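# Tertiary structure, described
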Amino acid sequence: MNLTELNDHFGLSGVLTFEDHNGLTRLQVKTPACTATVYLHGAHLTHWQPTGAQPVLFLSDRSDFAPDKAIRGGIPVCFPWFGPRAGGKPGPSHGFARIQPWEVAFAALSGENVHLTLTLGPTALSRSLGFDGFRVAYEMVLGKKLTLRLTVANYGEGMLKYEEALHTYFSIGEVRRTTIAGLESALFVDKTDGLKEKETPPEALILSGQTDRVFPENVSSTTIGDGPRTITINKSNSATTVVWNPWTEGSVTLKDLRPDAWPGFVCVETANTGEDAITLAPNDAHTMQAEITLGKA
Ligand SMILES: O=P(O)(O)OC[C@H]1O[C@H](O)[C@H](O)[C@@H](O)[C@@H]1O
């Protein structure tokens, strides 16, 4: 659908409008409860700001907005693998979902919440990478809180094994003064240190250097302490949590991130990766959910 058709079919007067940005289609949401921006490219939520609060998501001002690139910041949807593809097989980092155009299936205002569903089915790129019999529905409920539901269905004839992540970049005042509660004494794999298995200290986590930690079999809720506010992530059907900040060392390798931007965000990711990957029998489906709420410290 072109912009006119999208606005005719799914636009909500004064609440939800589709527009072009750099050749990509995005939608802007404005309600008494929040403002939000979603790109159909990657079903990428780049902005969510409850009324009266600071923006919750970080977006890099050097991000590419191009059909073959992932947006840096917001919430990249990683599917059907996380990080580099396993087994040395070809394919983009974090899978193809974040660099494919998704379709709008549903948009409505219910009370003060906008309910939006975007879908992704097999594309030329996914088929070229061996993914044919799947469908993904991504439901967002945008209001004072944010609910994200990623449902994957197997329409193929064989088993479908996949990884997934909502790679959320939270905007924070200063990462070295930010606490992450909920991962106390938790086991993690340290991707910055040869995949060694380690355990976090018994108190809330404060990052002090380049961080790339995968917490397997971890269903805990996490709460980010960002100065006067807290950001809580409650999740279901997600067995992996990932915490990432590139720090100075990692940032220099990322062309789409200002080298001094890293103190302003932390990624706390709702995921199913590695041993927690999902395997679906034909006609089966699985839903992973994250719910993000703001509070006072
Ligand atoms: O640069 P990207 O492909 O978006 O990946 C950014 C980061 O994502 C995750 O958090 C991974 O654990 C990291 O290893 C990776 O560097």
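In this report, the structure presented in the accompanying data block is examined. (Residues numbered from 1 in each chain as written. Predicted model: local features only at pLDDT ≥ 70, side-chain atom pairs only at ≥ 80, totals over all residues. Heavy atoms only, no water.)

## Focus: the overall build of the chain
Note the following rule: A run of DSSP states H or I qualifies as a helix once it reaches four residues; a run of E qualifies as a strand once it reaches two. Both are numbered from the N-terminal end. The quantity called the radius of gyration is restricted to C-alpha atoms. Its globule counterpart is 2.2 Å times the number of residues to the power 0.38. Burial here depends on accessible area, computed with a 1.4 Å probe over protein chains only, as a share of the maximum for the residue type. Under 20% is buried, over 50% is exposed, and the range in between is partly exposed. Two residues form a contact once any of their heavy atoms are found within 4.5 Å. The accessible surface values rely on the Shrake-Rupley method and a 1.4 Å probe; as for residues, cover is taken only from the protein chains in view. Asp and Glu count as negative and Lys and Arg as positive, but His and the ends of the chain are not part of the count. Lysine's charge is taken at NZ, arginine's at CZ, aspartate's at CG and glutamate's at CD.
Each helix and strand in the chain was counted, giving 3 helices and 22 strands. A compact globule built from 297 residues should have a C-alpha radius of gyration of about 19 Å, and the chain, at 18 Å, falls within 12% of that. Each principal axis of the C-alpha atoms in the chain carries an extent, and together these give about 50 × 50 × 35 Å. Per-residue burial over the chain gives 54% buried out of 297 residues. Intrachain contacts of the chain at a sequence separation of at least 6 include 61% that bridge at least 24 residues. When the accessible surface of the chain is summed, it comes to about 13000 Å², and 50% of that surface belongs to carbon and sulfur atoms. Across the chain, the centroid of the 25 positively charged side chains sits 4 Å from that of the 32 negatively charged ones.

## Focus: the site of the ligand
Put simply, the rule reads: Nearness here has a simple test: a residue counts as near a molecule or strand if at least one of its heavy atoms is within 4 Å of that partner. A 3.5 Å cut-off defines polar contacts: any pair of N or O atoms within that distance qualifies, except that in protein one atom must be a possible hydrogen donor and the other a possible acceptor, and neighbouring residues in sequence count only when both atoms are side-chain atoms.
Taken together, Arg-72, Phe-82, Ser-93, His-94, Arg-98, His-167, Lys-191, Asp-212, Val-242, Trp-244, Leu-254 and Glu-269 make up the full set of residues adjacent to the ligand. At a separation of 2.9 Å, an oxygen atom of the ligand approaches a polar side-chain atom of His-94. Burial of the ligand by the protein amounts to 82% of the accessible area it has alone, namely 390 Å².

## Comments concerning the environment of Phe-58
For Phe-58, the position within the fold is in the loop between β4 (44–50) and β5 (77–78). A sequence separation of 140 residues divides Phe-58 from Lys-198, and the C-alpha atoms of the two residues are 28 Å apart. Setting aside residues no more than four positions away along its own chain, Phe-58 makes contact with Gly-73, Gly-74, Tyr-169, Phe-170, Ser-171, Leu-257, Ala-261, Gly-264 and Phe-265.

## Focus: the nonpolar core
Filter applied, for reference: Here, the term nonpolar core denotes a set of buried Ala, Val, Leu, Ile, Met, Phe, Trp, Tyr and Cys residues that are joined through side-chain atoms within 4.5 Å.
Counting 74 residues, the largest nonpolar core has Leu-45, Trp-102, Tyr-138, Leu-142 and Val-266 as the members making the most contacts within it. Per element, the largest residue contribution to this core is 5 residues, and it comes from strand β8 (residues 134–142). When near neighbours in sequence (up to four residues on either side) are disregarded, Trp-102 contacts Leu-40, Gly-42, Ala-43, Val-77, Ala-97, Leu-118, Thr-119, Leu-120, Val-136, Tyr-138 and Leu-150. Counting 6 residues, the second-largest nonpolar core is a separate cluster that includes Cys-78, Phe-82, Ala-165 and Ala-271.

## Examining the packing of aromatic side chains
Definition in use: Here a pair means two rings of Phe, Tyr or Trp (six-membered ring of Trp) with centres within 6.5 Å. Their orientation is stacked below 30 degrees between planes, edge-to-face above 60, and tilted elsewhere. Sitting over a ring, as applied to charges here, requires NZ of Lys or CZ of Arg to be within 6 Å of the ring centre and within 35 degrees of the ring normal.
According to the stated counting rule, one finds 16 aromatic pairs in the structure shown. Pairing Trp-81 with Phe-96 gives two aromatic rings, centres 6.1 Å apart and planes at 85 degrees, and the pair type is edge-to-face. Here Trp-81, found in the loop between β5 and β6 (103–110), pairs with Phe-96, found in the loop between β5 and β6; they are 15 residues apart in sequence, far enough to count as distant. The class for Phe-96 is buried, based on a relative accessible area of 0%. Taken together, Phe-79, Trp-81, Phe-96, Phe-131, Phe-134 and Tyr-162 form an aromatic cluster joined through their ring pairs. Between Arg-135 and the ring centre of Tyr-155, over which it is positioned, the NZ or CZ distance is 5.2 Å.

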